[in-house]
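# Close look at the chain arrangement
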Amino acid sequence: MNAALVYALTGTALFVLGVAGLILQPHLLRKILAFNIMGSGIFLVMVGLAQRAGTPDPVPQAMVLTGIVVAIAATALALALARQLLDMSGEMRLPEEKSGKDRLDV
Amino acid sequence: MSLNETLPLLVLVSSLLPGLIIFTLPEERRGLRNLFNMVGATLKLLLIFYILRGVMLGEEYIFRHTILPGLDLVFKADALAMLFVTLSAALWFLTTLYAIGYMEGSPHRSRFFGFFSLCVTATMGVAMAGNLFTFFVFYELLTLSTYPLVVHRGTEQAMRAGQVYLSYTLGGGALLLIGTVWLYGLAGQVEFTQGGMLAALGPEYTGQLQVIFFLLIAGLGVKAALVPLHGWLPLAMVAPAPVSALLHAVAVVKAGAFGIVRVVYDVYGVEFAQSLHLLMPLAVMASVTIIWGSLCALFQDDLKRRLAYSTISQVSYIALGVAIFGPMATIGGMVHLVHQGIMKITLFFCAGNYAETLGIHKISEMDGVGRRMPWTTAAFTIGAFGMIGLPPLAGFISKWYLGLGALEAQMPWVIAVLLASSLLNAAYFLPVLYRVWFQPRTEAWPGEHIPMQNGRETAWLLLVPPLVTAVATVLVGLFAASAMSPLNWVKLIADREYLYWLP
Amino acid sequence: MFDPIPWLILSPLIWATLAFVHGPGQGGRLPVAGLILQLALAAMLAQQIVAGGVRVYAVGGWGAPLGIDLMADGLSAVMLLLTQTVALPLVFYARAYFAGHANSLRYFWPLTGYLLAAMNALFLSADVFNIYVTLELLGLAAVGLVALAGGAGPITAAMRYLLAALLGSGAYLLGVALLYGVYGSVSLAALIPLIAADAPAVVSLAAALMLLGLMLKTALFPFHIWLPPAHGGAPAPVSALLSALVIKASFYLILRLWFDLFEPITSVAAAQLLGALGAAAILWGSFLALRQTHLKMLVAYSTVAQIGYLFLLFPLATGVSAEVAASAWQGGVLQVVAHGLAKAAMFAAVGAMIIATGRDEISGIAGVAARLPLTLFTFALAGVTIMGLPPSGGFAAKWLLLGAAQASGQWWWIVVMVVGGLLSAAYIFKVLRQAFLPVEETANFKLLPRMLEWPVLLLALASLVLGLGGGEVLSLLGAT
């Protein structure tokens, strides 16, 4: 097992953890953190897998940088929405009644 | 684009354009609205006379527009198309006059006349469709444009009728669509060709073609009100009388019947359909409908509903004529397309007159109405006698040829069906006639809206159309042998359909 | 020769930024001018593609692999034209819709501009990573627009939408990372021959991740749960943009991946699975649409159902003869266009009804036939396309799909499509029926400005004309 594969596997594990958190954690802040963990996992896979013959490849590093910027923007937006939700409903979680259910009016 | 290409389009535009303009007119622009209506109806008639002359001289009128690769919109004014086009356009003219009188003072007239014109456009498209795809397009358009007319009054009853109407017709449309797509998959563009175009497919397709035929007839049978697909028609009678008269007695049911004619003669070919054993089931279905419709009509007290069941029964004469193999029956069925239209519209005009003038909707309220409204009742009587098949009226001609055709095809049981149907027709019309002419009036009219004026029993616009169609009922029967009669025109078509097969 | 490709991205970026700087007062005119320009640019690009085939543009002159390549073929051109054609009337509509709501307008124009820029860039992207970036930007702008209405409902919907979008693009990006790990490239043009030559199992994993992520963003059943509250809760012009265009962007990517990139490793079983999910979407979405009591929720569930039709394309075009595949492919793309036009018109028309009646319940629109005939007519015309009845673009699309199903003997999709069509008729006539009822005594109809009615009618008419002129779209689509 080489180093690249270790990175990739770790990254994948982080990704899975992140996805699980994103879906299962009810608290919004935890969801947002989980998203960031998921993102880090992806970036790790990206940089890890792309080490060809020991020399770092600049392209994925550029891509990861871009990815981080995008992730920050997304995190900021998520935080802003979570704040608004907190102000309005007093809770840091998505309301339960309709979550994950289709609305069968009537 | 040459003139011969443009003419079929112009026939469509002559009702589409007035319809679209009328939608935009404010309610109070009565004069302008009537002007557009009448100009459109007149122009259409003139165009049609011009085309009729051309068709007799052997001119071809075809318009073709490619929508998708291998999928054309085709309008073709052939002899069969013109039969239906002329009927609809002439009756549209009269019905528009009638509707102007009938809708006087009621709300949403712009919407009403707009959709009315759209319906006629759709009917024209059905009539002139040159291939199965075009036919389907306008068949569905007819469904969509009649819905607002059925629910026009906005009452709960109208809404329910509209819902039933849609469930039936859209369901039928879906079956027709499947059949059409399937047929296009097998045979490419399904052009309407005299003598049919499917005989060229090999015997390995027999099973598929039988299933497709069933799908197509089921889809068309909904509008043609074949039993057991007829449930929508009596309910749709809640629509205003001109709608019942033109659309439900003529355009919509005829669109279905006409489609059956097209499918049997111009898609499958009558010989080929016979060889696939498709005609017998159709004949049985049509016969059942004829008897069942008449039986149901016997028990209706509502005049329009009795007429509706009568329509169900009578329209199946067309399907019956198609289903009996042989030119005589073909003539009988096709000529009934015209004859039934003229007779039934007379009856519906009269029913509308009774309702609009005296508030009479039920047969039990009709005692002695003949003395109050003699002209209307005379027209009604002619229509009823025509339906029963009394010589020399229009209905007799149809039944005569159907009977001859049945003998020719060695299907004597059809004669029994025809006789039974005539007896039943008599059984549900004669008591009405007895009531109106011979029963004395003992109580006041249920709701007299239009009083007697200077010996005029009702408004002119309501009176003239039924009189014209009643006279036509007599004339097409009396002069059936003349060169310009529907019968003669139909003989021309039948000759062509059997051209390749009979000595 | 003047190259419209970069300007299609720059134009909305410029007017969005200017609109943000100027503030709400100036917002309206710039987008109108910008979109007219963009429509012209898209038409010009389409013409260039018809004349000269696929066009490539190297940003900054660098070229791949260091720089970013933009690429436009027939499919991109169709999507670009659709986007600008839908957005232009909606801009007029939005100006009237938000009149008097300066606060909403402050963010509506900039966000719409960024949304369009991201979408145009997405349709022009030629590498899978650039696609990720545009996809994410598109998602963020769309979430912002959903939140625009304020209030707990829309914010919740926006939050849910954001989380779904992030999850979707996360899965997609992991797929990209795996692809890069295997092949060392993200360019579509470079990857296609590499995948065709040799595709280890990890590539299938990457493909699955990317497709799953995009399906989540396209709201394919059973990933549709975020869509109805987001589309149904947003202001009407936003709902129109989202339902008509945004979900189509991720569907466009699925098309690209399935038919271009992963073509060698797609399987009939996977295609049938996608089709089955599509069928479930059609039936379940239509059924739920029928059960709704609120106008916008009904239209939103209709979108869930209509997305299903798009996915029938995969079983009909995979593992069949080239001719059938072409027909299915054309039908699918035509459905994208027809639904885009019609759904935008439908959401906008419904929005106008809600403004006029002041109520969102279906029961509140009695009398609309008499008071708002034009808007109801628009709704009905759009409905014709949604029902797939002739003579509409939706019908032309359905005809092609049905034909493909018949020719390949997959009759079960025919049943699904026909039943779906009847169900959609049921929910559309549910609205029309109510509109034909007499006006209620208590009803208080507001007069609508023309701009809330006429531009929408144009959209609905366009979806109808598509039924007669679909051949033009197909010839552009076929340009290579």
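Summarised in this report is the structure supplied together with it. The written sequence of each chain sets the order in which its residues are numbered from 1. The naming scheme follows written order: chains are lettered A onward, ligands numbered 1 onward. Selection of residues for local features in this predicted model requires a pLDDT of at least 70, selection of side-chain atom pairs for listing and counting requires 80 or more, and totals for whole chains, interfaces and linings are taken over all residues. Side-chain numbers come from the whole structure's heavy atoms, not from hydrogens or water.

### Details of the environment of A:P26
All names here are of chain A. Secondary structure follows DSSP: runs of H or I at least 4 residues long count as helices, runs of E at least 2 residues long count as strands, and numbering of each begins at the N terminus. Considering the arrangement of structural elements, one finds P26 in the loop between helix 1 (3–24) and helix 2 (28–49). Only protein chains enter the calculation, and the probe is 1.4 Å; a residue is then buried if its accessible area is under 20% of its type maximum, exposed if over 50%, and partly exposed in between. Look at P26 and you get partly exposed, because its relative accessible area is 39%. Sequence separation of P26 and M38 is twelve residues, and the distance between their C-alpha atoms is 17 Å. If near-sequence neighbours (up to four positions away) are discounted, P26 is found in contact with K31, M92, R93 and L94. Residue contacts are counted whenever heavy atoms from the two residues lie within 4.5 Å of one another.

### A few points about the interface of chain A and chain C
Listed per partner, the contact involves 42 residues of chain A and 42 residues of chain C. For the pair chain A and chain C, the summed buried area comes to about 3,600 Å², and 78% of that belongs to carbon and sulfur atoms. Salt bridge, as applied in this entry: a Lys or Arg side-chain nitrogen positioned within 4 Å of an Asp or Glu carboxyl oxygen. There are zero salt bridges connecting chain A and chain C. Identification of polar contacts relies on pairs of N or O atoms within 3.5 Å, with a donor-acceptor requirement for protein atoms, meaning one able to donate a hydrogen and the other able to accept it, and with residues adjacent in sequence counted only if both atoms are side-chain atoms. If you look at where chain A meets chain C, you find zero residue pairs in polar contact (both at pLDDT 80 or more). Elements with a contribution of two residues or more to the side of chain A that touches chain C: helix 1, helix 2 and helix 3 (58–89) of chain A. When two parts are put together, the accessible area they lose, computed with a 1.4 Å probe and summed over both, is reported as buried area.

### Looking at empty space enclosed by the protein
In the cavity and pocket records, a cavity denotes points on a 1 Å grid over the protein atoms alone where a 1.4 Å probe fits but cannot get out, a pocket denotes an open set with protein on both sides within 12 Å along at least 5 of 7 lines, and lining residues are residues with an atom within 4 Å of a point. Grid points are joined across faces, edges and corners, and a volume is the space filled by probe spheres set on the points. Summed over all chains, the structure comprises seven cavities of 30 Å³ or more. Its volume calculated, the largest cavity comes out at about 130 Å³. Lining the largest cavity are 15 residues, with B:E140, B:A174, C:L389, C:K398 and C:L422 positioned closest to its centre. Those elements that place two or more of their residues in the lining of the largest cavity are helix 5 (132–150) and helix 6 (156–187) of chain B together with helix 17 (393–407) and helix 18 (411–436) of chain C. Considering only residue class, the lining of the largest cavity consists of ten nonpolar, three polar and two charged. If you add up the space inside the second largest cavity, you get close to 100 Å³. Lining the second largest cavity are C:L135, C:L138, C:G139, C:Y161, C:A164, C:A165, C:L216, C:K217, C:W226, C:V246, C:I247 and C:S250. Under the scheme applied here, ten amino acids are nonpolar (Ala, Val, Leu, Ile, Met, Phe, Trp, Tyr, Cys and Pro), four are charged (Asp, Glu, Lys and Arg), and all others, including Gly, are polar.

### Details of a nonpolar patch on the surface
All names here are of chain C. Judged by side-chain polarity, F2, W7, L10, L13, I14, L18 and Y114 come together as a nonpolar surface patch covering roughly 590 Å² of accessible area. Element by element, the count of residues in the nonpolar patch is highest for helix 1 (residues 4–22), at five residues. Topologically, L13 is positioned in helix 1. Owing to a relative accessible area of 34%, L13 belongs among the partly exposed residues under this scheme. Only residues whose relative accessible area exceeds 30% and that form no salt bridge are eligible for patches; like-charged ones are grouped when within 9 Å, while nonpolar side chains (Val, Leu, Ile, Met, Phe, Trp, Tyr) are grouped when within 5 Å. Note that accessible areas follow from Shrake-Rupley with a 1.4 Å probe, and for residues the cover is restricted to the protein chains shown.

### Focus on the nonpolar core
Here the nonpolar core consists of buried residues drawn from Ala, Val, Leu, Ile, Met, Phe, Trp, Tyr and Cys, with membership extended through side-chain atoms lying within 4.5 Å. Counting residues in each nonpolar core, the largest one holds 430 residues, and the members touching the most others are B:L209, B:I260, B:Y268, C:L179 and C:F311. Every residue in contact with C:L179, bar those within four places of it in the chain, is listed here: C:G184, C:L191, C:I195, C:V203, C:A206, C:M210, C:L261 and C:F262.

### A short note on the pattern of salt bridges
All names here are of chain B. Considering all chains together, one arrives at 14 salt bridges over all chains under this definition. A salt bridge links E27 to R109; its shortest N-O distance comes to 3.9 Å. Here E27, found in the loop between helix 1 (3–24) and helix 2 (30–56), pairs with R109, found in helix 4 (residues 109–128); they are 82 residues apart in sequence, far enough to count as distant. One salt bridge connects E448 with R372, and the closest N-O pair in it is separated by 3.0 Å. With a gap of 76 residues between them, E448 in the loop between helix 17 (412–438) and helix 18 (460–478) and R372 in helix 14 (residues 369–372) connect regions that are remote in the sequence. Exposure remark for E448: the relative accessible area of 41% places this residue in the partly exposed category. Among the residues examined, R372 registers a relative accessible area of 10% and is labelled buried.

Without other data, these values stay purely geometric and don't point to any function.
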